[in-house]
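One-letter residues, chain by chain:
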Amino acid sequence: MKLKEIREITGGRIIGDSNPEIKGVSGISESKVGDITYFSNKKLLKELIASPASAVLLKEEITDLNKPQIVVDNPLFCFAGLLEHFYVKPPVSMGIMEGSFVADDAETGEDVTIYPSAFVSEGATIGRGTTLYPNVFVGRNSRIGKECILHPGVVILEDVEIGDEVIIHAGSVMGSDGFGYVFEAGKHVKIPQVGGLIIEDDVEIGSNVTIDRGTTGNTVIGSGTRIDNLVQIAHNVRIGKNCIIIAQVGIAGSSDIGDYVTLAGQVGVADHTIIESGSIFGAKSGITGQYKKGIYFGTPFALPHKQFMKSQSLFNRLPEINKKLNDLQEKVDSILKDKAEVRDD
Amino acid sequence: MKLKEIREITGGRIIGDSNPEIKGVSGISESKVGDITYFSNKKLLKELIASPASAVLLKEEITDLNKPQIVVDNPLFCFAGLLEHFYVKPPVSMGIMEGSFVADDAETGEDVTIYPSAFVSEGATIGRGTTLYPNVFVGRNSRIGKECILHPGVVILEDVEIGDEVIIHAGSVMGSDGFGYVFEAGKHVKIPQVGGLIIEDDVEIGSNVTIDRGTTGNTVIGSGTRIDNLVQIAHNVRIGKNCIIIAQVGIAGSSDIGDYVTLAGQVGVADHTIIESGSIFGAKSGITGQYKKGIYFGTPFALPHKQFMKSQSLFNRLPEINKKLNDLQEKVDSILKDKAEVRDD
Amino acid sequence: MKLKEIREITGGRIIGDSNPEIKGVSGISESKVGDITYFSNKKLLKELIASPASAVLLKEEITDLNKPQIVVDNPLFCFAGLLEHFYVKPPVSMGIMEGSFVADDAETGEDVTIYPSAFVSEGATIGRGTTLYPNVFVGRNSRIGKECILHPGVVILEDVEIGDEVIIHAGSVMGSDGFGYVFEAGKHVKIPQVGGLIIEDDVEIGSNVTIDRGTTGNTVIGSGTRIDNLVQIAHNVRIGKNCIIIAQVGIAGSSDIGDYVTLAGQVGVADHTIIESGSIFGAKSGITGQYKKGIYFGTPFALPHKQFMKSQSLFNRLPEINKKLNDLQEKVDSILKDKAEVRDD
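About the thresholds
- Residues numbered from 1 in each chain as written.
- Chains lettered and ligands numbered in written order.
- Predicted model: local features only at pLDDT ≥ 70, side-chain atom pairs only at ≥ 80, totals over all residues.
- Heavy atoms only, no water.
- Helix = DSSP H or I, 4+ residues; strand = E, 2+ residues; numbered from the N terminus.
- Rg over C-alpha atoms; globule rule 2.2 N^0.38 Å.
- Buried < 20%, exposed > 50% of the residue type's maximum accessible area, 1.4 Å probe, protein only.
- Contact = heavy atoms within 4.5 Å.
- Least-squares fit on C-alpha atoms with pLDDT ≥ 70 in both.
- Pairing = 2+ DSSP bridges.
- Axes fitted to C-alpha atoms, helices over the stretch in contact; angles between N-to-C directions.
- Parallel < 35°, antiparallel > 145°, perpendicular 65-115°, else oblique.
- Nonpolar A, V, L, I, M, F, W, Y, C, P; charged D, E, K, R; others polar.
- Buried area = accessible area lost by both parts, 1.4 Å probe.
- Polar contact = N/O pair within 3.5 Å; in protein donor to acceptor, adjacent residues only side chain to side chain.
- Arc of directions from axis to C-beta.
- Salt bridge = Lys/Arg side-chain N within 4 Å of Asp/Glu carboxyl O.

Enquirer: Explain the overall build of chain A to me, using residue names and the numbers behind them.
Expert: Each helix and strand in chain A was counted, giving five helices and 39 strands. At 28 Å, chain A has a C-alpha radius of gyration far larger than the 20 Å of a compact globule built from 345 residues. Along the first, second and third principal axes, the C-alpha set of chain A runs to 105 × 80 × 30 Å. Counting across all 345 residues of chain A, residues that qualify as buried make up 56%. Excluding contacts between residues fewer than 6 apart, the proportion of contacts in chain A whose partners are at least 24 apart in sequence is 17%.

Below, the structure written as structure tokens:
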């Protein structure tokens, strides 16, 4: 494909030769001759120049660059589009394959693919064009929307509702019982978890994630939200739309998280926490209480980001601060001693 | 069901009309007309009054409440009992279903249910009334007790002993090899993990949990203990009875945890740690060494809770403390300078 | 087996009676009469003497010990060899078992074992002597080397390369999509993850681990590296040879970790971090930036270990430090007041 044909996909304008042949799409550090790459981090300019890539997507023209450029508003977005164009094949429906188990009264839409050892329980619904890979389990009366992909070993328990175009990666468990007990007569007695789980449209969920159903009422994951691997979301949590939840985050029961919230890796959110839309929490933050829109960081207690960084840099300097304090104490003691001696004279 | 019939299940005494029809059971914030709810958190009084619930379980009568009350000792416990009564159906045995794999010399008790794609290895025993959902694996010579529920995709490796009435949620792995290596000739050489795993009666384990077998000897989970999702328990750990282990906790090898211990979310326990019964550790705590019964908190080192909170609040105030110190230093330097000038005079 | 026959396996020299019958191998605290144990932690000397073990492997002879000794260079290494000798049976090939699914054009080597409900996709290769337990999934064109063991429920997505003698424990997911999105028009748009995952020879990976494929280019796990349970490794991470990655560690995208690096439990590594070979990071450390070979510790920011411990011990003493500062301020204020009064006189 000529670079000018690429431009027809990405939009933007070409700087330099529009005729080189483009055979692949790759990041700067992986690029080969014939690849188009993208440039969005100015620190990587040397790497870009040194790379054998035959063309580059970027936001601002670089004068005298050693390769043709396509100038676009969002280079990474155009890059994603080219990856899709070059490498992603649309799924081909395989139907309900031999060796799968689909209950008689389950409903399956057109063009589904249900692989061997997948199991669809009574009353479940699988929407049009959805793929269930091997060893996927769908529980009683759960509804999976259209054009979803459930990777191998995904478990959807009963009465879970999943929207359209949802992707769930391998080994994730949706709708397991929340962790609810009441202490009585020396035992932790189980509180039956009879609520549901609603995953709205266009959600993507990583591998080996766990999301619990509500005790009563629902756990809800808002549309457009992206959840990374090994995340835990407890019963009755509500996550808004278009959130970014990075790997190994844990969110305790009944917390309410707005839209466009980012939780970085290994963050922990205590139960009944309320987070306003647009908030960002740094890695490993501990979050409890209520948060207005802002940037926060800190473990085990998140503070406003700048405030935390000040305290943290002083934590690193505590030995020096402590020495200063001790030196000062010596000086003051010596002043007081002098004064006492003066008085004694 | 009339409220007075509910009372026959829960015990307690009715305040107000005993005739309303109760059709469901739900938390305050999810309640509808016809539901009975429970009240145990005084902060939610306004919500209770505003809720459409038709009756409420509570511990202390509220005068002039706008709905009938049942006064009981433990409202949440009674609520759990009603959820069970209204919503939980006793399992119906389906037998050994077509498409499952059960070794010839495996033993299966009466009224078991073994779903398609479940696999029971040679020498394994499945107790009476136990359910193995699809894709459950039970290894050689493992014994599962009576009336257990193993949710889809649960893996029980070989020589694991599981008591009666144990629930294991989807995707959890019981009895995988401990992480044991010895360094020799530049390599980490595997130490064969030939011990066992014993899970006592009435334990509940969340989703995607991992519990390793002992190197030699056993890993043990005491009866009545509750383990949340994505918890890691290493080889030769011993956990006592009726503990609460919240999501994403990790417990390193050979640690010994008493009875009625609570480990909050994302806690990490170092190897060979000893924790006395009844201890409580706050979220994200780092735990190493020996702990008498108490309440602890702090990362990466747990301290007695009050002590940690004092240090933590001063951490938050470090910029102010540092400023105070610098101001003080200036004052002292100025005093010393004055004194020097006085001497010079 | 007589102790002198044990010596033929372990090497070393016997101190004391070389004739006792050895029937088993166990750690000190689990040992029974007839067992050989090992001794490498001097704190356990009392336990060793009190133990019923009939012989012991150790590095330095103990005078007048109440049991025969074999003196060897690396007692734990010899102990591992004996565990292997006594308890580990070589796998017996079962072939491609009924109930498994192997694509027509997949290649399987001699002596493979493929259990029921395992699934091997088109174009995949399974090397000689490799075992796929039930519910293992191998994606399109993935290649698994020789004498690998993939425990139940392991998922290998498409285009993953796994070397020889690799062990992957139950429920782990290799090659799922990296967490890559680009923000455009209010949405997090998926960046197709079209790179690969290379796991070199002799790697062992725990249970419910997740390792993502590269965006473009590969994620790489170096030979001899050991990864514990519930670890997350993101796209385009490179881990060197013979590393130790303990449970619940998370490593963000494009990080580059040298050889012989140890990451203790619950460590978090930010994206694009570079760690030099031989470095060690304590539990729960937060790691970001570049690290020369060294020992580091601290959350949310790892510092050189000694420096962190100094700051941490002062953190614990902050109440005392704060009191000292306040006392000092009072003294200084009183000195200044005195001076002012003297001047006023």
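Past the structure itself, the notes keep going.
Enquirer: How would you explain the relation of the copies chain A and chain C if you had to name every residue and give the values?
Expert: Between the two copies of this chain, the relationship is a rotation about some axis together with a displacement along it. For the pair chain A and chain C, the best superposition has an RMSD of 0.1 Å and corresponds to a rotation of 120° with a translation of 0.1 Å parallel to the axis. On this basis, the relationship between the two copies can be described by a three-fold rotation axis.

Enquirer: Summarise the sheet that holds strand β13 (residues 137–138) of chain B; cite the residues concerned and give the values.
Expert: All names here are of chain B. Spatially, ten strands are ordered β7-β10-β13-β16-β19-β24-β27-β30-β33-β36 in an open sheet, and the strand pairing comes out parallel. Of all strands in the sheet, those with a lone pairing partner are β7 (101–102) and β36 (286–287), marking the two edges. Across two bridges, the pairing between strand β24 (residues 210–212) and strand β27 (residues 232–233) is parallel. Within β27, the position partnered with I211 by the bridge is I233.

Enquirer: Which residues make up the packing of helix α4 (residues 305–316) of chain B against helix α5 (residues 318–344) of chain C, and what are the values?
Expert: Put simply, α4 of chain B and α5 of chain C touch, their axes get as near as 8 Å, and they point 55° apart. What the angle tells us is that α4 of chain B and α5 of chain C run oblique. Within the contact between the two elements, α4 of chain B uses K310, S311, L314 and F315 of chain B and α5 of chain C uses L318, P319 and N322 of chain C. Class assignment of the residues belonging to the contact of α4 of chain B with α5 of chain C gives a composition of four nonpolar, two polar and one charged.

Enquirer: Please give an account of the pairing of strand β22 (residues 196–199) of chain C that cites residues and values.
Expert: Residue and element names in this part refer to chain C. One ladder, built from three bridges, connects strand β17 (residues 160–162) with β22; its direction is parallel. Looking at β22, one finds that V160 is bridged to L197. Both β22 and strand β25 (residues 218–221) contribute to a ladder of four bridges, which runs parallel. Across the sheet, the residue bridging to I199 is I221, located in β25.

Enquirer: Can you lay out the interface of chain B and chain C for me, pointing to particular residues and giving the numbers?
Expert: Across the contact, 66 residues belong to chain B and 66 residues belong to chain C. Buried area between chain B and chain C, both sides added, is near 5100 Å², and the carbon and sulfur share of it is 67%. When the buried surface of chain B facing chain C is broken down by residue, F179, H188 and L328 of chain B rank first, second and third, together holding 13% of it. Our count for the contact surface shared by chain B and chain C stands at 28 residue pairs in polar contact (both at pLDDT 80 or more). Of all elements in the fold, only β19 (173–176), β20 (181–184), β21 (187–190), β24, α4 and α5 (318–344) of chain B reach the threshold of two or more residues within the side of chain B that touches chain C. Examining the composition of the side of chain B that touches chain C, we find that nine residues originate from one element, α5 of chain B, more than from any other.

Enquirer: Let's hear about helix α1 (residues 3–10) of chain B: which residues, and what values?
Expert: All names here are of chain B. Looking only at α1, the buried set comprises L3, I6 and T10. Taken down its axis, α1 places every buried residue within 50° of arc, on the same side. Where α1 is buried, its residues contact β1 (13–15), β3 (35–39), β4 (55–58), β5 (69–71) and α3 (75–87). Immediately beyond the C-terminal end of α1, within one or two residues, lies G11, with a positive phi of roughly 70°.

Enquirer: Describe the side chain of D35 of chain B, and please don't skip the residues or the numbers.
Expert: Along the chain, D35 of chain B falls in strand β3. Among all residues touching D35 of chain B, those that are not within four sequence positions of it are I22, G24, V25, S26, E30, A53, S54 and A55 of chain B.

Enquirer: Can you break down the sheet that holds strand β2 (residues 24–25) of chain C residue by residue, with the values?
Expert: In sheet architecture, strand pairing relies on hydrogen bonds along the backbone and comes in two forms, parallel and antiparallel. Residues and elements named next belong to chain C. If you walk across this open sheet you meet the five strands as β1-β5-β4-β3-β2, and the pairing is mixed. Each edge of the open sheet carries a strand with a single partner, namely β1 (13–15) and β2. The pairing of strand β4 (residues 55–58) with strand β5 (residues 69–71) spans three bridges and is classified as parallel. Looking at β5, one finds that V56 is bridged to Q69.

Enquirer: Lay out the pattern of salt bridges with the relevant residues and their values.
Expert: Under the criterion given, the structure shown has 46 salt bridges over all chains. Where R143 of chain C meets E161 of chain C, a salt bridge forms, and the shortest distance between an N and an O atom there is 3.1 Å. Of this pair, R143 of chain C sits in strand β14 (residues 143–144) while E161 of chain C sits in strand β17, and the two are 18 residues apart along the sequence. Via salt bridges that share partners, D177 and K190 of chain A together with E204 of chain B belong to a single interconnected network.

Enquirer: Now, about the interface of chain A and chain C: what can you tell me, with residues and values included?
Expert: Listed per partner, the contact involves 66 residues of chain A and 66 residues of chain C. Taken together, both faces of the contact between chain A and chain C bury some 5100 Å²; the carbon and sulfur share is 67%. For the chain A face of the interface with chain C, the top three residues by lost area are K284, F315 and L325 of chain A, together amounting to 11%. Across the chain A-chain C interface, the total number found is three salt bridges. Counting across the chain A and chain C interface gives 28 residue pairs in polar contact (both at pLDDT 80 or more). Listed by contribution, the elements that provide at least two residues to the side of chain A that touches chain C are α3 (75–87), β26 (226–227), β29 (244–245), α4 (305–316) and α5 (318–344) of chain A. Within the side of chain A that touches chain C, the residues separate by chemical class into 34 nonpolar, 21 polar and eleven charged.

Remember, this is a structural readout, not a statement about activity or role.
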